[in-house]
Number of protein chains: 2
Amino acid sequence: MAAIFPKNFHIKVRVYNEEINFGKGVAQLLQLVEEHGSLAAAYKEMGMSSSKAWKILHRAQEDLGFALVEGSSGGKYGGGTQLTEAGRKLLQQYVLFEHDVQDFAEKRFAEYFK
Amino acid sequence: MAAIFPKNFHIKVRVYNEEINFGKGVAQLLQLVEEHGSLAAAYKEMGMSSSKAWKILHRAQEDLGFALVEGSSGGKYGGGTQLTEAGRKLLQQYVLFEHDVQDFAEKRFAEYFK
């Protein structure tokens, strides 16, 4: 019998203190905040609701113990929002970490499953 | 401001053809089937329902295109169940792959976040 082995792999990378929550979604949101200087522009580009965006941000901030974003939030269309210094650093490290893991997994997957 | 960086990481590894589904849960179920020679003993040890166990097995088998388990399934307490040759091979490779990824991630995490 010729076994047909899986063609793909999927790896989800998250970092946290007590509750698993900082993953690709919130990282992408932060990257878009950095790019646009606006939380509203960020979640809209992701097709995410305002309430969902705030929820994932708040959860991550609460778990991590520091603010990821800062800035005014008033106005009908939302004020400007930036990453905090700690938020920017965490994002950079997460992106590097996540990339390294995916890269390593790709090589190993090819060895084991091709 | 002293940033408190995350203490932990969590990585979920799955392999698939079309639909993401073969992960740690079904791998653990297969390992217990191998150990006990019984699907019922396996899902009971995991605190999993019979319907859930069959669902995750069927989904994985359908996506992979080959059987993972074989054996009689009759009788009030279920007949014996074994892994197929392909199921055993896939399980072994998944376990090695998953372990390598976790191991690599642990080293990288320590470098980036400690």
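So, here is what we can say about the structure in this document.

## Some words on the overall build of chain A
Broken down by element type, chain A carries four helices and three strands. Helices (α) and strands (β) of chain A occur, in sequence order from the N terminus, as β-α-α-α-β-β-α. Put simply, chain A has 114 residues, and 46% of those count as buried. Excluding contacts between residues fewer than 6 apart, the proportion of contacts in chain A whose partners are at least 24 apart in sequence is 52%. For chain A, the exposed surface amounts to about 6200 Å²; the carbon and sulfur share of it is 49%.

## Focus on the nonpolar core
Ile11, Phe22, Leu68 and Phe97 of chain A together with Ile11, Phe22 and Phe97 of chain B are the most contacted members of the largest nonpolar core, which totals 72 residues. When neighbours within four sequence positions are excluded, Ile11 of chain A is seen to be in contact with Val101, Gln102 and Ala105 of chain A together with Ile11, Lys12, Val13, Phe97 and Val101 of chain B.

## Here we look at the environment of Phe97 of chain A
Among the structural elements, Phe97 of chain A can be located in helix α4 (residues 85–113). A C-alpha to C-alpha distance of 26 Å links Phe97 of chain A and Gly47 of chain A, two positions 50 residues apart in sequence. Beyond its immediate stretch of four places on either side in the chain, Phe97 of chain A contacts Val13 and Val15 of chain A together with Phe9, Ile11, Ala105, Arg108, Phe109, Tyr112 and Phe113 of chain B.

## Digging into the packing of helix α1 (residues 24–36) of chain A against α4 of chain A
Residue and element names in this part refer to chain A. Two numbers describe how α1 lies on α4: the axes approach to 10 Å, and their chain directions differ by 125°. When the axes of α1 and α4 are compared, the pair comes out oblique. Of the two possible hands of crossing, α1 and α4 adopt the one that is left-handed. Every residue of α4 that contacts α1 at Lys24, Ala27, Leu30, Gln31 and Glu34 is listed here: Arg88, Leu91, Tyr94, Val95 and Glu98. Among the residues making up the contact of α1 with α4, the classes are represented as five nonpolar, one polar and four charged.

## A few points about the interface of chain B and chain A
You'll often see interface size given as the accessible area lost when the parts meet. Taken together, the contacts link 36 residues of chain B with 36 residues of chain A. Across the chain B to chain A interface the summed buried area is about 3500 Å²; carbon plus sulfur atoms make up 65%. By the criterion of area lost to chain A, the three top residues of chain B are His10, Phe97 and Tyr112 of chain B, representing 18% of everything that side buries. Summed over the shared surface of chain B and chain A, the number is four salt bridges. For Lys7 of chain A, the salt bridge goes to Glu18 of chain B, with nearest N and O atoms at 3.8 Å. At the surface where chain B touches chain A, the tally comes to 17 residue pairs in polar contact (both at pLDDT 80 or more).

## Digging into the packing of helix α1 (residues 24–36) of chain B against helix α3 (residues 50–64) of chain B
Residue and element names in this part refer to chain B. The interhelical angle for the contact between α1 and α3, taken along N-to-C directions, is 105°, at an axis separation of 10 Å. It follows from the interaxial angle that α1 and α3 lie roughly perpendicular. In this structure, α1 uses Gly25, Val26, Leu29 and Leu30 to contact α3, whose residues at the interface are Ala53, Ile56 and Leu57. For the contact of α1 with α3, the residue count by class is six nonpolar, one polar and no charged.

## Overview of the relation of the copies chain B and chain A
Expressed as a screw transformation, the operator carrying chain B onto chain A has a rotation angle of 180° and an axial translation of 0.0 Å, and the superposed copies differ by an RMSD of 0.0 Å. Within this description, the copies of the chain are treated as partners about a two-fold rotation axis. Among all residues of chain B, the minimum C-alpha distance to the rotation axis is found for Lys12 of chain B, at 2.5 Å. Interface residue correspondence from chain B to chain A reaches 100%, placing this contact among same-surface, isologous pairings.

Rules used throughout
Residues numbered from 1 in each chain as written. Chains lettered and ligands numbered in written order. Predicted model: local features only at pLDDT ≥ 70, side-chain atom pairs only at ≥ 80, totals over all residues. Heavy atoms only, no water. Helix = DSSP H or I, 4+ residues; strand = E, 2+ residues; numbered from the N terminus. Buried < 20%, exposed > 50% of the residue type's maximum accessible area, 1.4 Å probe, protein only. Contact = heavy atoms within 4.5 Å. Areas by Shrake-Rupley, 256 points an atom, 1.4 Å probe, with all protein chains shown as cover. Core = buried A, V, L, I, M, F, W, Y, C linked by side-chain atoms within 4.5 Å. Axes fitted to C-alpha atoms, helices over the stretch in contact; angles between N-to-C directions. Parallel < 35°, antiparallel > 145°, perpendicular 65-115°, else oblique. Left-handed = near helix turned anticlockwise from the far one by under 90°. Nonpolar A, V, L, I, M, F, W, Y, C, P; charged D, E, K, R; others polar. Buried area = accessible area lost by both parts, 1.4 Å probe. Salt bridge = Lys/Arg side-chain N within 4 Å of Asp/Glu carboxyl O. Polar contact = N/O pair within 3.5 Å; in protein donor to acceptor, adjacent residues only side chain to side chain. Least-squares fit on C-alpha atoms with pLDDT ≥ 70 in both.

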